[in-house]
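Chain by chain, the residues:
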Amino acid sequence: MTVISYRQALHDALREELLRDEDVLLMGEEIGRFEGSYKITAGLLAEFGAKRVRDTPIAEEGFTGAAVGAAMLGLRPVVEIMTINFSLLAIDQIVNHAAKIYGMFGGQAKVPLVIRTPGGGGQQLGATHSQNIELYYAFVPGLKVVAPATPADAKALMLAAIRDDDPVLVLENLALYNTSGEVPEDLEPAEIGRAAVTRTGRDVTVVAYSRMAVVALDVAERLAAEGIDVEVVDLRSLRPLDRDTIVASVQKTNCAVVLEDDWLTYGIGAEIAATISDGAFDWLDAPVRRVAMAEVPMPYAKSLELAALPSAEDAAAAIRETVDAVARRR
Amino acid sequence: MPRTTTSRARPRSKPTAAAPSDTPSEAQELAFYRQMVLIRRFEERAARAYSEARIGGYCHLNLGEEATVTGLMSALRAEDYVFTNYREHGYALARGIAPERIMAELYGRADGVSKGWGGSMHLFDLAARFMGGYGIVGGQLPLATGAALAIDSRGGDEAVVCLMGDGTTNIGAFHESLNLAAIWKLPIVYVIVNNGLGMGTTVEEASAEPELHRRAAAYRMASARVDGNDPVAVRAAAAAALASARAGAPFLLEAVSGRLKGHSVVDPARYRSREEVEAARAADPIAGYAARLLEAGRLSEQQIEDAERDADRTVAAAVAFAEASPHPDPDTLFDYTYATPVPNDSRRRPGEPLFPTMPAVSTAPSTNGAAA
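Residues numbered from 1 in each chain as written. Chains lettered and ligands numbered in written order. Predicted model: local features only at pLDDT ≥ 70, side-chain atom pairs only at ≥ 80, totals over all residues.

Asks: What is the right way to read the sheet that holds strand β12 (residues 237-239) of chain A from this model?
Replies: Within a sheet, each strand pairs with its neighbour through backbone hydrogen bonds, oriented either parallel or antiparallel. All names here are of chain A. Ordered by their spatial adjacency, seven strands build an open sheet running β3-β2-β4-β5-β7-β6-β12, and the pairing between neighbours is mixed. The open sheet has two free edges, formed respectively by β3 (53-55) and β12, since each of these has just one partner strand. The mean angle between the axes of side-by-side strands here comes to 20°, regardless of whether they run parallel or antiparallel. Bridging between strand β6 (residues 144-146) and strand β7 (residues 168-173) involves three bridges; their strand directions are parallel. In the sheet register, valine 146 faces β7, and the bridge partner there is valine 170. (Pairing = 2+ DSSP bridges. Helix = DSSP H or I, 4+ residues; strand = E, 2+ residues; numbered from the N terminus. Axes fitted to C-alpha atoms, helices over the stretch in contact; angles between N-to-C directions.)

Below, the structure written as structure tokens:
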């Protein structure tokens, strides 16, 4: 077991797959000579050459669609979209093409494509560069969307995504690239579509993904000191969604709080709350709370950005209030 | 000589291979004519079936485009790939896909080329390397470019032909795709079928450079314009373009073609003047080609009669096959969401509960007084 960064874990997964399978190639803006805007692909151009680590012009629709077409002929392209905000330039190719081709042609062409792209705010990048719009893709049957929170999951889910025969969007997070964690050297690919209970507890279920799954564990440790025993469910996969793991946890704890970096209304948390309503209605002793980003375009000023982003304090307060509400009913 | 005009921003480093002979054999000419007639009759029959509500959705026909279809497809090798748009029945026929399987797809039946999942706009056949009709204008351009990238990555000798209408040249994907193909020297020929109208908008209204092939200059890409009503000229131009693409110089070919009817079957095309409609009819590529061959003594009235009778029989058989083909079984609804199965994939029909096995309220171990 070695401790490496989330960035290194992603890099290692890409490198191992480039070595393992000659059909794997990387495409994206500035991934080669510049070594990636966030340096995930550092050193790979030198090792694998320009045909397998292909710098593209600034043309998200063109190169994402080209990756879809290359995948239809059996290559396994891994496309980097510099941040998820820019994926909107490619959304026709992702939603109308990558997600549709297998079904629309009656299963004749597979699209073994990976789109890796970071979301996340908190870097003072303003309204157009701080969004969490993974929901747009998690909404679409035909796509798979995974959202690793730890270095181990970043590597295991990336390995799985590359070996999967469907288009998979791997949601990375700007705030997680420098975080570290233990990653086994012989790590196997993860199973896409499974959540993980990353902390067991009996008082309250906290459901989260990506950065907020890390915040959830941090908050859980703090609340343990106050005598609140938090169970954390890290979704890991947004489509498919592992509803059974969520519901099983809530049937044990009788209440739930969802932590999410996206906007509240219609967000991922709304789907989680609806799932809990359907699967654990008779077990619930408090309304499902959602802690999400304020519903504004992200401001630039630090004071405003901090006010907009969900924090550990916001999460802790919502969890305390939920546990209190349950106690009042008992 | 094929009636082409060629514009070239600068000489390419690799020479363009010579086109095949401009004069096809008499047998080839007859085959072209028979294929054009088959496409015409197939499309007329599809229009009738659509009007009878046996075909659903949208239905765009290749009526007036038969010479372009036949010329282009005859220039391809079996191992080449074709990507096209939603006006593609004729291309699928000319690529050798069985007419009955195409008609069955229009009918939405299980034996259709896309198993009833695609319909008129989304024909696909991997064996024929017919990589899809696409319903979103311009959607096929990046895909076709990527297919050429895959060929380039693997070092193959195949090429890709990517068809589009004139209106598609104004979408962003056109620019992005041609630029990518040019900088990466991909084996692809982009073909603009210019019938003068994007639905009801004319090329002159929509395009600041209405000589569409000249758009290639922005990418230092070789290009040509050809008379799309002449199958022999189209074939020669396409062969030259493909030779260029295989040598690493992607090509933009514009075929100036016609549209005899509306944008789709339901469109009466009231925006066209009587004169425009008359001009399109006068330029009918099948009548024109037949007249040329008759005059040259290379086609007989008997052969024309045979071609029409055989086309009618083929189309009638296609319709019979389509009508007899089963509707897809609703139990196959979830068969093609994912190629790699994953846990927790949703397979619920509308209205089904998320948790059908949830225990009854009275057995729930809740401390919630309201539920007790």
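The structure having been displayed, the exposition proceeds.
Asks: Honestly, the sheet that holds strand β14 (residues 289-293) of chain A in this entry has me stumped. Any pointers?
Replies: All names here are of chain A. Ordered in space as β9-β11-β10-β13-β14, the five strands form an open sheet in which the pairing is mixed. Every other strand in the sheet has two partners, leaving β9 (196-199) and β14 as the edge strands with one partner each. The mean inter-strand angle of the sheet, taken between neighbouring strand axes irrespective of direction, is 25°. One ladder, built from five bridges, connects strand β10 (residues 204-208) with strand β11 (residues 230-234); its direction is parallel. Counted as the bridge partner of valine 204 is valine 230 from β11.

Asks: Help me understand the interface of chain B and chain A, please; the structure alone is not making it clear to me.
Replies: Interfaces are often described in size by the accessible area the parts lose on coming together. Tallying the contact residues gives 48 residues for chain B and 55 residues for chain A. Those elements that place two or more of their residues in the side of chain B that touches chain A are β3 (130-133), α5 (140-154) and α6 (172-184) of chain B. The leading source of residues in the side of chain B that touches chain A is α5(B), at nine residues. Class assignment for the residues of the side of chain B that touches chain A results in 26 nonpolar, 18 polar and four charged. (Contact = placed C-beta atoms within 7 Å. Nonpolar A, V, L, I, M, F, W, Y, C, P; charged D, E, K, R; others polar.)

Asks: Would you mind going over the UniProt feature "domain: Dehydrogenase E1 component" (unreviewed entry) in chain B with me for this structure?
Replies: When the UniProt feature table is mapped onto this chain numbering, "domain: Dehydrogenase E1 component" (unreviewed entry) sits at residues 34-330 of chain B. The span residues 34-330 of chain B carries 45% helix and 12% strand; its end-to-end C-alpha distance comes to 39 Å. (UniProt positions renumbered as here; feature names shortened; annotations may be inferred.)

Asks: Looking at this structure, how should I read the domain arrangement of chain A?
Replies: Residues and elements named next belong to chain A. We note that the domain assignment places domain 1 (2-183) and domain 2 (196-329) within chain A. The C-alpha centroid of domain 2 is placed 27 Å from the C-alpha centroid of domain 1. Contacts between the two partners involve 25 residues from domain 1, matched on the other side by 22 residues from domain 2. Every element with two or more residues in the side of domain 1 that touches domain 2 is listed here: α6 (134-138), β6, α7 (151-163) and β7. Here the side of domain 1 that touches domain 2 is built from residues that sort into 13 nonpolar, nine polar and three charged. (Domains from an automatic or database assignment.)

Asks: I would appreciate a short explanation of the packing of α5(B) against α6(B) in the present structure.
Replies: For any two helices packed against each other, the geometry is given by the interaxial angle and the distance between the axes. Residue and element names in this part refer to chain B. It is at 9 Å that the axes of α5 and α6 come closest, and there the two elements cross at 15°. With respect to α6, the axis of α5 lies roughly parallel. Between α5 and α6 lies a crossing whose hand is left-handed. Seen from α5, the contacting residues are Leu141, Pro142, Thr145, Ala148, Leu149 and Asp152; seen from α6, they are Ala173, Phe174, Glu176, Ser177, Leu180, Ala181 and Trp184. Class assignment for the residues of the contact of α5 with α6 results in nine nonpolar, two polar and two charged. (Parallel < 35°, antiparallel > 145°, perpendicular 65-115°, else oblique. Left-handed = near helix turned anticlockwise from the far one by under 90°.)

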